[in-house]
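The chain contents come next:
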Amino acid sequence: MKIEIRQGRIIDPANETDNVMSLYIDAGLIASQGEPPAGFEPDMVIDASDQLVIPGIIDIGIRLGESGVDNTSHIRIESEAAVS
């Protein structure tokens, strides 16, 4: 699937980027920032105006399961959901 995330504020410290522009994704990978790759026709367009777009960010504060409960199934279920 080809996705255009349109006019969000892209913050990407690894590439020293902090600009309002579009981000182009092809088959789950970033194809381009700013200008679309040649021949790129998005299947989906997401309007990210006034939103932050931060490629690669992860939630390091996640908590799984409930206190005092066997969390084995919770970890498996939540991990499968995260991967999908």
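Remember, predicted model here, so these are calculated numbers, not experimental data. (Residues numbered from 1 in each chain as written. Predicted model: local features only at pLDDT ≥ 70, side-chain atom pairs only at ≥ 80, totals over all residues. Heavy atoms only, no water.)

**What about the overall build of the chain?**
- In terms of helices and strands, the chain carries 1 helix and 5 strands.
- Going residue by residue from the N terminus, the α and β elements of the chain occur as β-β-β-β-β-α.
- Each of the 84 residues in the chain was classed as buried or not, and the buried ones make up 19%.
- Contacts in the chain between residues far apart in sequence, at least 24 positions, make up 44% of those at least 6 positions apart.
- In the form shown here, the chain has an accessible surface area of approximately 6,400 Å², with 52% of it arising from carbon and sulfur atoms. (Helix = DSSP H or I, 4+ residues; strand = E, 2+ residues; numbered from the N terminus. Buried < 20%, exposed > 50% of the residue type's maximum accessible area, 1.4 Å probe, protein only. Contact = heavy atoms within 4.5 Å. Areas by Shrake-Rupley, 256 points an atom, 1.4 Å probe, with all protein chains shown as cover.)

**Topic: a nonpolar patch on the surface**
- Together, Met-1, Met-44 and Ile-46 line one region of the surface with nonpolar side chains, adding up to about 270 Å² of accessible area.
- With respect to the helices and strands, the residue Ile-46 is situated in strand β4 (residues 44-47).
- Residue Ile-46 is classed as partly exposed on the basis of its relative accessible area of 34%. (Patch = residues over 30% accessible without salt bridge, like charges linked within 9 Å, V, L, I, M, F, W, Y side chains within 5 Å. Salt bridge = Lys/Arg side-chain N within 4 Å of Asp/Glu carboxyl O.)

**As for the pattern of salt bridges**
- In total, this model carries 2 salt bridges according to the counting rule given.
- The residue Arg-6 makes a salt bridge to Glu-4 at a minimum N-O spacing of 3.1 Å.
- Its salt-bridge partner being Asp-18, residue Arg-9 comes within 2.8 Å of it at the nearest N-O pair.

**Let's talk about the side chain of Asp-12**
- Tracing the chain through its elements places Asp-12 in strand β1 (residues 2-12).
- Buried charge Asp-12 goes without a salt bridge, the closest partner of opposite sign being Arg-9 at 13 Å.
- When near neighbours in sequence (up to four residues on either side) are disregarded, Asp-12 contacts Thr-17 and Gln-33. (Lys, Arg positive; Asp, Glu negative; His and termini not counted.)

**Concerning unusual backbone geometry**
- Positive phi, close to 50 degrees, is recorded for Glu-16, a residue that is not glycine.
- If you trace the backbone, Glu-16 turns up in the loop between β1 and β2 (17-26).
- A positive phi angle, close to 55 degrees, is found at Ala-27, a residue other than glycine.
- Topologically, Ala-27 is positioned in the loop between β2 and β3 (29-33).
- Given the relative accessible area of 61%, Ala-27 is considered exposed.

**Focus: the pairing of β1**
- Looking at chain direction, β1 and β2 are connected through 9 bridges and run antiparallel. Paired with Arg-9 across the two strands is Val-20, which belongs to β2.
- Counted along the chain from β1 to the antiparallel partner β2, the turn is 4 residues long, and its residue Glu-16 has a positive phi close to 50 degrees.
- Looking at chain direction, β1 and β4 are connected through 4 bridges and run parallel. Within β4, the position partnered with Glu-4 by the bridge is Val-45.
- Sheet analysis places β1 next to strand β5 (residues 52-53), joined by 2 bridges and oriented parallel. Paired with Ile-10 across the strands is Val-53, a residue of β5. (Pairing = 2+ DSSP bridges.)

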